[in-house]
Amino acid sequence: MARDLICAKALASRRSPHRILRLSSVFAIPLALALGGPALAASPVVPDEFAPPAAEVPRLPAKLTPLPRARDLQAEAARAARAGQPLVVLYSRRDCPWCEQVRREWLKPLADRDATLVVRQVDQDADTPLRDFAGRATRHDAFAKAGKVALVPVVAFYGPDGRELTAPIVGVRLPDFYAAYLDESLKAARAALAAPPRR
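Procedures and definitions
- Residues numbered from 1 in each chain as written.
- Predicted model: local features only at pLDDT ≥ 70, side-chain atom pairs only at ≥ 80, totals over all residues.
- Heavy atoms only, no water.
- Disulfide = S-S within 2.5 Å.
- Buried < 20%, exposed > 50% of the residue type's maximum accessible area, 1.4 Å probe, protein only.
- Helix = DSSP H or I, 4+ residues; strand = E, 2+ residues; numbered from the N terminus.
- Expected span 1.5 Å × (residues − 1).
- Bend = angle between axes of the 7 residues up to and from the residue.
- Contact = heavy atoms within 4.5 Å.
- Polar contact = N/O pair within 3.5 Å; in protein donor to acceptor, adjacent residues only side chain to side chain.
- Core = buried A, V, L, I, M, F, W, Y, C linked by side-chain atoms within 4.5 Å.

Novice: Would you mind going over the state of the cysteines with me for this structure?
Specialist: Linking two cysteines covalently through their sulfur atoms gives a disulfide. Inspection of the entire model under this criterion finds one disulfide. Each disulfide pairs two cysteine sulfurs, and for C96 the partner residue is C99, the sulfurs being separated by 2.4 Å. What sets the handedness of the C96 and C99 disulfide is the S-S torsion sign, and at about 85° it is right-handed. By the burial criterion, C96 is buried, and C99 matches it.

Novice: Can you walk me through unusual backbone geometry in this structure?
Specialist: Glycine aside, residues mostly have negative phi angles, and peptide bonds mostly take the trans form. Omega for the peptide link from V152 to P153 comes to 5°, which places this bond in the cis form. Within the fold, P153 resides in the loop between α6 (140-146) and β5 (154-158). In the Ramachandran plot, K148 falls in the positive-phi region, its phi being about 60° despite a non-glycine side chain. Relative to the helices and strands, K148 is located in the loop between α6 and β5.

Novice: I would appreciate a short explanation of helix α5 (residues 97-113) in the present structure.
Specialist: Working note: α-helix, 3.6 residues per turn, so residues spaced by three or four point in the same direction. Between its first and last C-alpha atoms α5 spans 23 Å; for 17 residues at 1.5 Å apiece the expected length is 24 Å, and the two agree. A maximum bend of about 40° is found in α5 at R103. Contacts made by the buried residues of α5 are with β1 (87-92), β2 (118-123), β5 and α7 (175-194).

Novice: Looking at this model, I keep getting lost on the environment of D132. Mind explaining?
Specialist: Here D132 shows up in the loop between β3 (129-131) and β4 (137-139). Of the residues examined, D132 reaches a relative accessible area of 9% and is grouped as buried. Sequence separation of D132 and G162 is 30 residues, and the distance between their C-alpha atoms is 8.4 Å. If sequence neighbours within four positions are ignored, D132 has contacts with L73, Q74, T138 and F143. A polar contact is formed between the side chain of D132 and the backbone nitrogen of A134, at a distance of 2.9 Å.

Novice: I would appreciate a short explanation of the nonpolar core in the present structure.
Specialist: Proteins that are soluble and globular tend to have nonpolar side chains buried together. The biggest cluster of nonpolar side chains holds 20 residues, and the ones touching the most others in it are L73, L87 and Y91. Of all elements in the fold, only α4 (73-82), β1, β2, α6 and β5 reach the threshold of two or more residues within this core. When near neighbours in sequence (up to four residues on either side) are disregarded, L87 contacts L73, E76, A77, A80, V118, R120, F133, A156, F157 and Y158. Ranked by size, the runner-up nonpolar core spans 18 residues in total, among them L90, V102, L107 and V172.

Set out below in structure tokens:
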């Protein structure tokens, strides 16, 4: 039964979404009755088998790890570029446990080890004043929205002109490899920063 649920979801690209919805509902209710009785069967929502188990979701501490909020991206990116570094920006939300994990386990230790690295946070859920890469007045939430940041955490790497130097790191898919992803992204961003401008 569970295998049928997974197969129905895997075939979503080849069937209409309405067909998949009907298949999911047909399988979900008997499965819920078998596993948890009427309380679970009352909801036709099919759990996402690709989501991490609840035990793997990091817990938000009472006090979040401090990371400097962006104030003036133009000045902060220029300062980073003078040191041969990209400006590293974490797009975050206060209620996001994975954002806290990225701050605590990787970005804060990285910034503490390397004083030349400029790491800033942009809060997707705050109206904190901000100057963008062109020196214009905006807000954290508006800047994140303009950059089409939907899901967080996102770690982006910028040059002094606001250009993204390499692809951002979106989410925390494999925590065991996150440090390696971060290291590779920093190397790619530094190389792009040092490359001569295109004509």
